[in-house]
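A structural walkthrough
Listed here are the chains, written in short residue letters.
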Amino acid sequence: MAEETENDNNLVPANDRIIPINIEDQMKSAYIDYSMSVIVSRALPDARDGMKPVHRRVLYGMLDLGVTSGKPYKKSARIVGDVLGKYHPHGDYSVYYTMVRMAQDWSLRYPLVDGQGNYGSIDGDPPAAMRYTEARLKKIAEEMLSDINKDTVDFQNNFDDSLQEPTVLPTRIPNLLVNGASGIAVGMATNMAPHNLSEVIDGTVAFIDNRDIEVSELMQYIKGPDFPTGALIYGYAGVQDAFNTGRGRIVMRAKAEIETSSSGKEQIIVTEIPYQVNKANMIERTAELVNEKKLEGISAIRDESDRSGMRIVYDIKRDANANVVLNNLFKYTALQTSFSVNNIALVKGRPQLLNLKDMIHEFVEHRHDVIIRRTRYELAEAEKRAHILEGYLIALDHLDEVIRLIRNSETPEDARVGLMDKFGLSDLQARAILDMTLRRLTGLERDKIKEEYAELMKTIDYLKSVLEDESLRMKIIKDELIEIKERYGDERRSQIVHSAEDMRMEDFIDDEEIVITISHNSYVKRTPLSEYKRQGRGGRGSIGTNTREEDFTEHIITASAHNYMLLFTEAGRCFWLRAFEIPEGSRTSRGRALQNIINVPKEEKIKAYILVKNLKDQEYLENNFIIMCTKKGTIKKTSLEAYSRPRANGINAININEGDQLIEACLTTGSSEIVMALRSGRAIRFNESTVRPMGRTATGVRGITLASETDEVIGMISVNDSETTVLVVSEKGYGKRTDIEDYRVTNRGGKGVKTINVTEKTGELVAIKGVTDAEDLMIINKSGIVIRIAVEELRVMGRATQGVRLINLKDNDEIASITKVDREEESDEEIGNPETTEGFASEETTDSNEE
């Protein structure tokens, strides 16, 4: 047993060879070392030259190999092998694909490698193997390597200490901004957008002229990113965030136009797609969405791209609207995508988040350092050459003695020492004299030496002045940048389009009074209110709209151009629209389909609207309410604040039961009187305080009980003052005004009281409005005729009368819609034009006992 123990002890190493380490500490230390290596030596670009180590090594390796822009192409395998063996001991494909990407004009805004052969495509096709392709440096890449042999940057040992490689390039181009960068490190990532070279240089020059310049001022020169594939930058808020903070989300949209083919069908033509989008994958995914019925209205997709440029064609079905299809393509496919800017780069070896001004500052500081080091190097070289020329001049002044001394010397070393002793020359000067050729002794050559020395002394004085004067160095930086701009600058490719969220369009549009008309088939337009002249009661009216067959104007809305419109569909959804966003049209024009302006489903019709002045005033939002009613008599009250955040696809405003429809919505203060009217001629009045506020998705409560199964609610008004009278209009053109007090206040949910005496002559009730003497009425019938009359012409009468004729209707024509408008203050307005007020109706009233 003792022997076995002794043998076991012999297996254990000596104690001094074991170092006890806590595994947690060891893992922390090892992972930090690894992460720092990835951050500093692999994934993040240097803020000075915008390069990661692998990019820098490829460019320097190509320069070292001599494959510059003026030399013949060399095989990519040769270049990759050279870079791999000298500077970058990693996978050959990591080096090759780095070089390939620097040659792709859809990957880099300004490619740095001139590739020959198959270097892949925007469809995601891989490049040919490196044994087939060839490459050389582009001229612009040489500007990044310019002066690298003049001690302008620090060098370090390569991986095996056999060679030296640069730690940074002495670039003349602000490459970090111009070509951008992307990379995923450990615990952080970078994603920097490319920009236009001309704009960046203009901004850099402005920064040099004024170091205290603000980012907003720099943005006057650098408008935004400029992507290699062009396309549109949609919205400016993300660009501002990226420039101000270093982080921002930039929305990119394809450049698309709607054209009509020779066969008369509409087509969407895409000529530019967003940056980093794979064209083939995008088309394939779009086709899948069409097959899955998630995208409708597209009959065919074709890629007609060729050498002359990109062209993707979407054929639109005849019954579809191209604008709607395009909006859906932007929504569901990569035709619209975003670029998340995250400007993290290495500053003095540390990762740092940089805004626009920071990036320009780092480049200018680096360039300033390069100019100083280059000037010092050139000064040292000039002084060295001047020193030799001074020796030449001394020798030429004592030529005979120099020749005699050299001839009488036994060895070159004796001659060198003799020259140094006799003429006070340095070792360098003595050796240069001994190396002189006999032709330098001719008179012409002697004059050249003197001229060279004189020029050299001027150069030395200039170089010294550069080192002493910072403003002169900054002028050199500016001049070199302007030279770069003249050589390589080009026009912007990515057009910046302001989205609706960015622009305050109301600042550019007069806040005039307008009339908005919405037809039964959802065509909409806006017209200045001044186009409609007031007429006498009973007039024939004037033509309001040229509509298609079976279409007629359903809503006439008077508004201010700056108002918000909340549009409610029969299915209970709410959409937002600024009044000035509605296309302007003449009084007789048809207008534009509402689906082309907002994303209203085709099967839903607009049934109600509310005009709101402001959606930003919190106090206003919290103290106002929206009351909605349905055809079956349901009523619902919700705070306006619930509808203050516009969404492109609308929101649910009220839950609608099967077989019911939303028909009206009113803006109230919380203490209004509500009057609801039925088609059968009955109405109910109650205080809105009896209806408690509910959430957006609630169904509501009973507002009025229908007289029969075929009866339905035709409208609702809210009354806030005693001056307002109730106006009701029947389908045959009869109408009347009644005091609100004639309707007694009851509990909601009752059957109501008679509001008009419905007869075969009057027809059933079609509208109810709250009006005052200071307003006008606009009435439109289903054939498109509009009449405008003053409310004050209508006398107030009892509830149970049939009223007076408001408009003469031909044949089987009926009232389609009425609305009230504010009185214009024009003194020369036409009150009764004989040409347009034919057939005045006599006032007819038929009194009957009230219930």
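If you check an unreviewed UniProt entry, the protein chain appears there as DNA gyrase subunit A from Sphingobacterium thalpophilum. UniProt annotates the protein chain under Subcellular location (unreviewed entry) with the comment "Cytoplasm". In its Subunit (unreviewed entry) section, the UniProt record describing the protein chain reads: "Heterotetramer, composed of two GyrA and two GyrB chains. In the heterotetramer, GyrA contains the active site tyrosine that forms a transient covalent intermediate with DNA, while GyrB binds cofactors and catalyzes ATP hydrolysis."

1. Concerning the overall build of the protein chain
For the protein chain, the helix and strand inventory stands at 19 helices and 41 strands. Taking 2.2 N^0.38 as the reference for a compact globule, 851 residues should give roughly 29 Å; the C-alpha atoms of the protein chain span a radius of gyration of 42 Å, well beyond that estimate. The buried share of the protein chain, reckoned over its 851 residues, is 50%. When contacts within the protein chain are restricted to residue pairs at least 6 apart in sequence, long-range pairs at least 24 apart make up 73% of them.

2. Some words on the sheet that holds strand S25 (residues 606-612)
Strand order in the open sheet formed by four strands is S25-S22-S23-S28, with antiparallel pairing between adjacent strands. A single partner strand is all that each edge strand has here, and the edge strands are S25 and strand S28 (651-652). The sheet contact formed by strand S22 (residues 564-569) and strand S23 (residues 573-578) spans five bridges and is antiparallel. The partner of Leu 567 across the bridge, within S23, is Phe 575.

3. Some words on the side chain of Asp 114
As for its position among the elements, Asp 114 is in strand S2 (residues 113-116). A distance of 2.9 Å separates the side chain of Asp 114 from the side chain of Tyr 73, its partner in a polar contact. In this view, Asp 114 contacts Tyr 73, Glu 134, Ala 135, Arg 136, Leu 137 and Lys 138; residues no more than four positions away in its chain are not counted.

4. Some words on the UniProt feature "active site" (unreviewed entry) in the protein chain
In the numbering adopted here, UniProt assigns the feature "active site" (unreviewed entry) to Tyr 132. Secondary-structure assignment places Tyr 132 in the loop between S2 and strand S3 (134-137).

5. Describing unusual backbone geometry
Positive phi, normally seen in glycine, also occurs at Ala 231, with a value near 65°. Secondary-structure assignment places Ala 231 in the loop between helix H9 (215-218) and strand S8 (232-234). Judged by its relative accessible area of 1%, Ala 231 falls in the buried class. Unusually for a residue other than glycine, Lys 293 sits at a positive phi of about 65°. Mapped onto the secondary structure, Lys 293 falls in the loop between helix H11 (279-291) and strand S12 (298-303).

6. Examining the nonpolar core
Grouped together as the largest cluster of nonpolar side chains are 80 residues, with contacts concentrated most on Leu 59, Met 62, Met 99, Leu 112, Leu 197 and Leu 356. At seven residues, the largest contribution of residues to this core is made by helix H8 (residues 197-209). Apart from the residues within four sequence positions on either side, Met 99 is in contact with Val 58, Met 62, Ser 76, Ile 79, Val 113, Tyr 119 and Ala 135. By size, the runner-up hydrophobic cluster in this structure holds 23 residues, among which are Leu 389, Met 436, Leu 456 and Ile 460.

7. Structural notes on the pairing of strand S39 (residues 785-790)
In the case of a regular strand, side chains alternate between the two sheet surfaces. Counted residue by residue, S39 has five buried out of six residues, so it is predominantly covered. Here five bridges tie strand S38 (residues 775-781) to S39, and the two strands are oriented antiparallel to one another. Bridge pairing in S39 places Asp 776 opposite Ala 790. Hairpin connection between S38 and S39: a loop of three residues separates the two successive antiparallel strands, and Gly 784 in this loop has a positive phi of roughly 95°.

8. Here we look at the packing of aromatic side chains
This model, assessed by the stated rule, comprises 10 aromatic pairs. Look at Tyr 275 and Phe 339: their rings are 6.1 Å apart centre to centre, the planes differ by 35°, and that puts the pair in the tilted class. One end of the pair, Tyr 275, is in the loop between strand S11 (266-272) and H11; the other, Phe 339, is in strand S14 (residues 336-342), and 64 residues separate them in sequence. Here the two residues Tyr 275 and Phe 339 agree in accessibility, since each one is buried. Ring centres of Phe 568 and Tyr 643 lie 6.2 Å apart, and the angle between their planes is 70°; this geometry places the pair in the edge-to-face category. Here Phe 568 is found in strand S22, whereas its partner Tyr 643 is found in the loop between strand S27 (634-639) and S28, with 75 residues between them in sequence. The ring of Tyr 564 has Arg 578 sitting right over it, with the charged end atom 4.0 Å from the ring centre.

9. Some details on the confidence of the model for the protein chain
Atom-level detail of predicted coordinates should not be read off regions where pLDDT is low. Looking at the protein chain as a whole, its pLDDT mean stands at 85, while 90% of the residues score no less than 70. Within the protein chain, helix H1 (residues 2-11) has the poorest average pLDDT of any element, 47, and S3 the best, 97. Within the model, pLDDT remains below 50 along residues 824-851, and this stretch shows 62 contacts once partners closer than five positions in the same chain are excluded.

10. Comments concerning a nonpolar patch on the surface
Taken together, the side chains of Ile 32, Met 36 and Val 40 make up a nonpolar region of the molecular surface, amounting to roughly 240 Å² of accessible area. Judged by relative accessible area, Ile 32 falls into the partly exposed class, the value being 49%.

11. Section: the sheet that holds strand S40 (residues 804-805)
Pairing is antiparallel in the open sheet, where four strands are placed in the order S37-S34-S35-S40. Of all the strands in the sheet, just strand S37 (765-771) and S40 have a single pairing partner and so form its edges. Pairing of strand S35 (residues 734-739) with S40 involves two bridges; the strand directions are antiparallel. Among the inter-strand pairings, Tyr 734 is bridged to a residue of S40, identified as Arg 805.

12. Digging into the environment of Thr 171
Here Thr 171 lies in the loop between strand S5 (164-166) and helix H7 (175-179). Note on Thr 171: relative accessible area 0%, which makes it buried. Sequence separation between Thr 171 and Gly 50 is 121 residues, and the spatial gap between their C-alpha atoms is 9.2 Å.

13. Focus: helix H12 (residues 322-332)
Looking at H12, one finds that the buried residues are Ala 322, Val 325, Leu 326, Leu 329 and Phe 330. The arc enclosing the buried residues of H12, seen along the axis, measures out at 140°, which places them on a common side. The opening residue of H12 is Asn 321, an N-cap whose side-chain oxygen sits 2.9 Å from the backbone nitrogen of Asn 323.

14. Concerning the pattern of salt bridges
Applying the stated criterion to the full structure yields 48 salt bridges. Across the salt bridge formed by Arg 285 and Glu 288, the nearest N and O atoms sit 3.1 Å from each other. Of this pair, Arg 285 and Glu 288 both sit in helix H11, three residues apart, which is roughly one turn of that helix. Judged by relative accessible area, which is 38%, Arg 285 ranks as partly exposed.

15. Topic: the packing of helix H4 (residues 76-86) against helix H5 (residues 92-101)
Where H4 meets H5, the closest approach of the two axes is 9 Å, and the angle between their N-to-C directions is 120°. It follows from the interaxial angle that H4 and H5 lie oblique. In terms of crossing hand, the pair formed by H4 and H5 is right-handed. In contact with Ser 76, Ile 79, Val 80, Val 83 and Leu 84 of H4, H5 contributes Asp 92, Val 95, Tyr 96 and Met 99. By residue class, the composition of the contact of H4 with H5 is seven nonpolar, one polar and one charged.

16. Some details on helix H17 (residues 443-468)
The terminal C-alpha atoms of H17, which comprises 26 residues, lie 38 Å apart, in line with the 38 Å expected from a rise of 1.5 Å per residue. For H17, the set of buried residues is Glu 445, Ile 449, Tyr 453, Leu 456, Ile 460, Leu 463 and Val 466. Turning to H17, the residues buried within the fold contact helix H13 (356-397) and helix H18 (470-488).

17. Considerations on the environment of Arg 350
Looking at where Arg 350 falls in the secondary structure, it is placed in strand S16 (residues 350-353). You can call Arg 350 exposed: its relative accessible area is 63%. As a C-alpha pair, Arg 350 and Ala 47 span 303 residues in sequence and 10.0 Å in three-dimensional space.

18. A word on the environment of Gln 495
Position of Gln 495 among the secondary structure elements: in strand S17 (residues 495-497). A relative accessible area of 45% means that Gln 495 is categorised as partly exposed. Separated by 382 residues in the primary sequence, Gln 495 and Val 113 place their C-alpha atoms 26 Å from one another. Apart from the residues within four sequence positions on either side, Gln 495 is in contact with Ala 231, Leu 232 and Ile 233.

Analysis parameters
Residues numbered from 1 in each chain as written. Predicted model: local features only at pLDDT ≥ 70, side-chain atom pairs only at ≥ 80, totals over all residues. Heavy atoms only, no water. UniProt positions renumbered as here; feature names shortened; annotations may be inferred. Helix = DSSP H or I, 4+ residues; strand = E, 2+ residues; numbered from the N terminus. Rg over C-alpha atoms; globule rule 2.2 N^0.38 Å. Buried < 20%, exposed > 50% of the residue type's maximum accessible area, 1.4 Å probe, protein only. Contact = heavy atoms within 4.5 Å. Pairing = 2+ DSSP bridges. Polar contact = N/O pair within 3.5 Å; in protein donor to acceptor, adjacent residues only side chain to side chain. Core = buried A, V, L, I, M, F, W, Y, C linked by side-chain atoms within 4.5 Å. Phe/Tyr/Trp six-rings, centres within 6.5 Å; stacked < 30°, edge-to-face > 60°. Lys NZ or Arg CZ within 6 Å of the ring centre and 35° of its normal. pLDDT = per-residue confidence, 0-100. Patch = residues over 30% accessible without salt bridge, like charges linked within 9 Å, V, L, I, M, F, W, Y side chains within 5 Å. Areas by Shrake-Rupley, 256 points an atom, 1.4 Å probe, with all protein chains shown as cover. Salt bridge = Lys/Arg side-chain N within 4 Å of Asp/Glu carboxyl O. Arc of directions from axis to C-beta. Axes fitted to C-alpha atoms, helices over the stretch in contact; angles between N-to-C directions. Parallel < 35°, antiparallel > 145°, perpendicular 65-115°, else oblique. Left-handed = near helix turned anticlockwise from the far one by under 90°. Nonpolar A, V, L, I, M, F, W, Y, C, P; charged D, E, K, R; others polar. Expected span 1.5 Å × (residues − 1).

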